[in-house]
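Here is how the chains run, residue by residue.
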Amino acid sequence: MLRTILLAAVVSLLVFSCNLETKKSQPDMNPFLSKYTTPFGVPPFGEIKNEHFLPAITEAIRQQQLEIEAIVSNPEAPTFENTLEALDASGMMLRNVDNVFENLQSANTSEELQQIAKEAAKPLSKHADDILLNQALFDRVAEVYMQKDRLDLSTEQQTLLDKTYKRFSRNGAALDDADKDKLRKINEELSILTLEFDENLLAETNEFQLIIEKKDDLAGLPQSAINAATEAATGAGHEGKWMFTLQKPSLIPFLQYAQNRDLREEIFNGYINRGNNNNNHDNKKIASREAALRVERAKLLGYNTHADYVLEVNMAKNPENVYSFLDEILEPARTMASKEAAELQKMIDAEGGNFTLQAWDWWFYAEKLKLQKYDLDEEQLRPYFELENVLKGMQAVATNLYGITFKELDNVPEYHPEVRTYEVLESDGSHIGILYMDFYPRASKSGGAWMTSYRKQYKTNGKNVAPVISMVMNFSKPTGGKPALLSFDEVTTMFHEFGHALHGLLSKCDYVSLSGTAVPRDFVELPSQVMENWAGEPEVMKSYARHYKTGESIPEALIKKIENSSKFNQGFTTLEYLSACYLDMDWHTLKESNEQDVLAFENASMEKIGMIPEIVVRYRSPYFAHIFAGGYSSGYYSYLWAEILDADAFEAFKENGIFDQETARAFRENILEKGGTDDPMTLYKNFRGREPHKKAMLKRKGLI
Ligand SMILES: [Zn+2]
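A brief report on the enclosed structure follows. Being a predicted model, the structure only gives us computed values, none of them experimental.

What counts and what doesn't
Residues numbered from 1 in each chain as written. Predicted model: local features only at pLDDT ≥ 70, side-chain atom pairs only at ≥ 80, totals over all residues. Heavy atoms only, no water. Helix = DSSP H or I, 4+ residues; strand = E, 2+ residues; numbered from the N terminus. Rg over C-alpha atoms; globule rule 2.2 N^0.38 Å. Buried < 20%, exposed > 50% of the residue type's maximum accessible area, 1.4 Å probe, protein only. Contact = heavy atoms within 4.5 Å. Areas by Shrake-Rupley, 256 points an atom, 1.4 Å probe, with all protein chains shown as cover. Lys, Arg positive; Asp, Glu negative; His and termini not counted. Charge placed at Lys NZ, Arg CZ, Asp CG, Glu CD. Polar contact = N/O pair within 3.5 Å; in protein donor to acceptor, adjacent residues only side chain to side chain. Salt bridge = Lys/Arg side-chain N within 4 Å of Asp/Glu carboxyl O. Donors = N, O, S within 2.8 Å, 3.2 Å for Na, K, Ca; no water. Pairing = 2+ DSSP bridges. Phe/Tyr/Trp six-rings, centres within 6.5 Å; stacked < 30°, edge-to-face > 60°. Lys NZ or Arg CZ within 6 Å of the ring centre and 35° of its normal. Axes fitted to C-alpha atoms, helices over the stretch in contact; angles between N-to-C directions. Parallel < 35°, antiparallel > 145°, perpendicular 65-115°, else oblique. Nonpolar A, V, L, I, M, F, W, Y, C, P; charged D, E, K, R; others polar. Expected span 1.5 Å × (residues − 1).

A few points about the overall build of the chain
Consideration 1: Helices and strands together make up the secondary structure of the chain, namely 28 helices and 9 strands.
Consideration 2: Here the C-alpha radius of gyration of the chain, 25 Å, is about what a compact globule of 704 residues would show, namely 27 Å.
Consideration 3: Principal axes of the C-alpha set define a box for the chain whose edges measure 85 × 55 × 55 Å.
Consideration 4: Looking at the chain as a whole, 59% of its 704 residues qualify as buried.
Consideration 5: Considering only intrachain contacts with a sequence separation of at least 6, the fraction spanning at least 24 residues in the chain is 76%.
Consideration 6: For the chain, the exposed area adds up to about 28700 Å²; of that, 49% sits on carbon and sulfur atoms.
Consideration 7: The averaged location of the 105 negative side-chain charges in the chain is 2 Å from the averaged location of its 77 positive side-chain charges.

With respect to the side chain of Glu 378
Consideration 1: Take Glu 378: it is sitting in helix H16 (residues 378-381).
Consideration 2: Under the relative-accessibility criterion, Glu 378 is labelled buried at 14%.
Consideration 3: Here the side chain of Glu 378 touches Lys 370 through a polar contact of 3.0 Å, side chain to side chain.
Consideration 4: If we ignore the near neighbours within four places in the chain, the residues touching Glu 378 are Gln 256, Tyr 257, Glu 367, Lys 370, Ser 487 and Phe 488.

Description of the pattern of salt bridges
Consideration 1: What the rule picks out here adds up to 46 salt bridges.
Consideration 2: With its nearest N and O atoms 3.0 Å apart, the salt bridge here joins Glu 59 to Arg 62. Within this pair, Glu 59 and its partner Arg 62 are both found in helix H2 (residues 50-72), separated by 3 residues, close to a single helical turn.
Consideration 3: Between Glu 423 and Lys 407 there is a salt bridge, and its shortest N-O distance comes to 3.9 Å. Separated by 16 residues along the polypeptide, Glu 423 in strand S4 (residues 420-425) and Lys 407 in strand S3 (residues 405-409) bring together distant segments of the chain.
Consideration 4: Of the residues examined, Glu 423 reaches a relative accessible area of 8% and is grouped as buried.
Consideration 5: Members of the salt-bridge network, linked through shared partners, are Glu 418, Asp 438, Arg 442 and Lys 445.

A word on the coordination of the zinc ion
Consideration 1: Surrounding the zinc ion are the protein donor atoms His 496 (NE2), His 500 (NE2) and Glu 525 (OE), which sit 2.1 Å from the metal.
Consideration 2: On the primary sequence, the residues serving as donors to the zinc ion are separated as H-x3-H-x24-E. Of this pair, His 500 sits in helix H18 (residues 488-505) while Glu 525 is found in helix H19 (residues 521-536), placing the two residues 25 residues apart along the sequence.
Consideration 3: His 500 gets classed as buried once you look at its relative accessible area, which sits at 0%.

Things to note about the pairing of strand S9 (residues 468-472)
Consideration 1: Of all 5 residues in S9, 5 are buried, a share of seventy percent or more.
Consideration 2: Covered by surrounding structure in S9 are Val 468, Ser 470 and Val 472 together with Ile 469 and Met 471, the residues of both alternating faces.
Consideration 3: For strand S5 (residues 431-438) and S9, the ladder comprises 5 bridges, and the chain directions are parallel. Looking at S9, one finds that Ile 434 is bridged to Val 468.

Some words on the packing of aromatic side chains
Consideration 1: Evaluated as defined, the whole model comprises 46 aromatic pairs.
Consideration 2: Taken together, a centroid distance of 5.8 Å and an interplanar angle of 80° make the contact between Tyr 436 and Tyr 454 edge-to-face. Of the two residues, Tyr 436 is situated in strand S5 and Tyr 454 in strand S6 (residues 450-455); the sequence distance between them amounts to 18 residues. The same class applies to Tyr 436 and to Tyr 454, which are both buried.
Consideration 3: The interplanar angle of 70° and the centroid separation of 6.5 Å between the aromatic rings of Tyr 619 and Tyr 623 together place this pair among those described as edge-to-face. Of the two residues examined, Tyr 619 and Tyr 623, each falls in the buried class.
Consideration 4: Through a chain of ring-to-ring contacts, three or more aromatic side chains come together here, namely Tyr 271, Tyr 577, Tyr 619, Tyr 623, Phe 624, Tyr 632, Tyr 636 and Tyr 639.
Consideration 5: Here the basic side chain of Arg 261 rests over the ring of Phe 355, its NZ or CZ set 3.7 Å away from the ring centre.
Consideration 6: A cation over a ring is seen here: Arg 264 above Phe 364, with NZ or CZ 4.1 Å from the ring centre.

Quick look at the packing of helix H25 (residues 638-656) against helix H26 (residues 661-672)
Consideration 1: One way to put it is that H25 packs onto H26 with a least axis distance of 9 Å and a crossing angle of 160°. As judged from the angle between their axes, H25 and H26 are roughly antiparallel. Seen from H25, the contacting residues are Ala 649, Ala 652, Phe 653 and Asn 656; seen from H26, they are Thr 663, Ala 664 and Phe 667.
Consideration 2: The residue inventory of the contact of H25 with H26, partitioned by class, reads 5 nonpolar, 2 polar and no charged.

Comments concerning helix H17 (residues 387-402)
Consideration 1: Its 16 residues give H17 an end-to-end C-alpha distance of 22 Å, which sits within 8% of 22 Å, the value for a rise of 1.5 Å per residue.
Consideration 2: Of the residues one or two after H17, Gly 403 is the one with positive phi, at around 75°.

Comments concerning the sheet that holds S6
Consideration 1: With mixed pairing, 5 strands are arranged side by side in an open sheet as S3-S4-S5-S9-S6. Looking at strand neighbours, the two that pair on one side only are S3 and S6, the edges of this open sheet. Sheet twist, expressed as the average angle between the axes of neighbouring strands with direction ignored, equals 30°.
Consideration 2: As paired elements, S3 and S4 share 5 bridges and run antiparallel to each other. Of the residues in S4, the one forming a bridge with Glu 408 is Tyr 422.
Consideration 3: In the packing of H18 onto the sheet, contacts are made with S3, S4, S5, S6 and S9, and the angle to S9 comes to roughly 170°.

This is the structure:
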């Protein structure tokens, strides 16, 4: 996943920032208010205190406000330089503060930080609206836009002009004052609700504990999971017991291996009821309210639905295209999932289990069936996927493809002791950027995995500003005296986020608002997903998958087993994922803004697609953070959409050699370096020489 910090820009002072306060707290001590003196200009995490954020945000808003004022009051006629370029370059301080602030909120939060986020949400939302709803500013942009054919602009400049004009016109610049006010209120309420949604979800994830007292209840679990549970229990003050949590490295092995069916049910229900416990962390009302507000906003802006509004600027263009894309895959996925369910039921029956397969049984029996069919046990693989080896192997892939190298640094400020920092270098040794990696779960970290930026690449006065990128994950920790041993799923996740990171790092753009991952949502998963392919290539795997004790390369036979089983359980995976895509689209194609009974809505949505009872939608509404707390509303389909692109793109590497320099160069120059400076289909065609074919994706999934 990718977290983007959504910023636009201008006015408003926070209530508490009266002059007196400012004098007392010596603003010159606030590290955000002066140029960073750290190595590579990374954020000075050691000096940043929570109390710095609000005054810095206030000041940064004020500065951008002045910058916008200067653009608007310029007596000269609007030009590309004095309006578009000036607007793109404005708000740099706000970017700096907000990047640190929002990233820490996801990766290392606290109650205090959550409180500050709520206080900052209103002024930030107002500031963004003040820019996008600024009539005089829009008039200047529009005036340049009208002359665009006569301006002799480069492709990147044309794109900046098009996108900026569109951003204004799509966000209410043409509304009358009364409607502008309505829009501001909606945006403000949404900005608070998304924060609350995330906060509730984190609280509910942390709150659940499955404490096991009897050793018998651990039957079936691998030693690595038991060790982690021992340490978790000790850490939580339950010495001598075992604790399982809803964090993925704890939850998934439990569902895969625990023989105690009742306990599997308990932890599974804990997971799927997050945000749905009718307590003060309830997310149902928030989800329904967000959907309603989005309908209101879409109507106000002249769109039929929120999805119409969002998709207009994506490759998919409109909801009909997304639905028909999903529909094409639904039928084969459901058929295959039903077959898989029947196979698992057969296994239960053969064992003499007198029950019907339920959702909390699926992982357990799928794991058993995999062992039976392919003689492959996930746990056999872990010893070969020591984090350090995977990390080195992953970096070696980038070196082989693009000639870039990674040098670990220990003199750079980090926001948590677990974070690792690398300098990324060009083959000639010149500096590309900084990459942070943060591997393990913490109570202060949101679930999942994502890439984000502390500083995006851009150019100012012809000088390149190097990017500072971060990858955040929730992987299995070192435990029981062993190093961190990953599952294959975690390995591919690491390659995935690394692909996003390369998109941010290798960016070569002029304008900050177009650089790196600033591309449509259904294009942004191409660079990430394509990297996953190398993780599973036998040639690559042999080089990085080495037994953590013996250093021995992963046996050929084991690689074969991984290959043979690659289509195993794909019906489940695809249908579980697809159902979440439909749920997302259904929420965002609502035409009325009345309150919804969230669970009834969800059930209807699942019924419509003929969801099979043995599978629960990948994200139920109360914990669907992608769409209610992140930027994926009407965009969850993007992963599958981008699979068409990544499967087709990787075919090019397969055809020419997976490290073919010419193909790698074409991918780097046409996709990774280009950010959002051109239409994504044009970028793709420049790389591939043609539009993508769907066949490679369907074949990979075993759907044709
Ligand atoms: Zn992603």
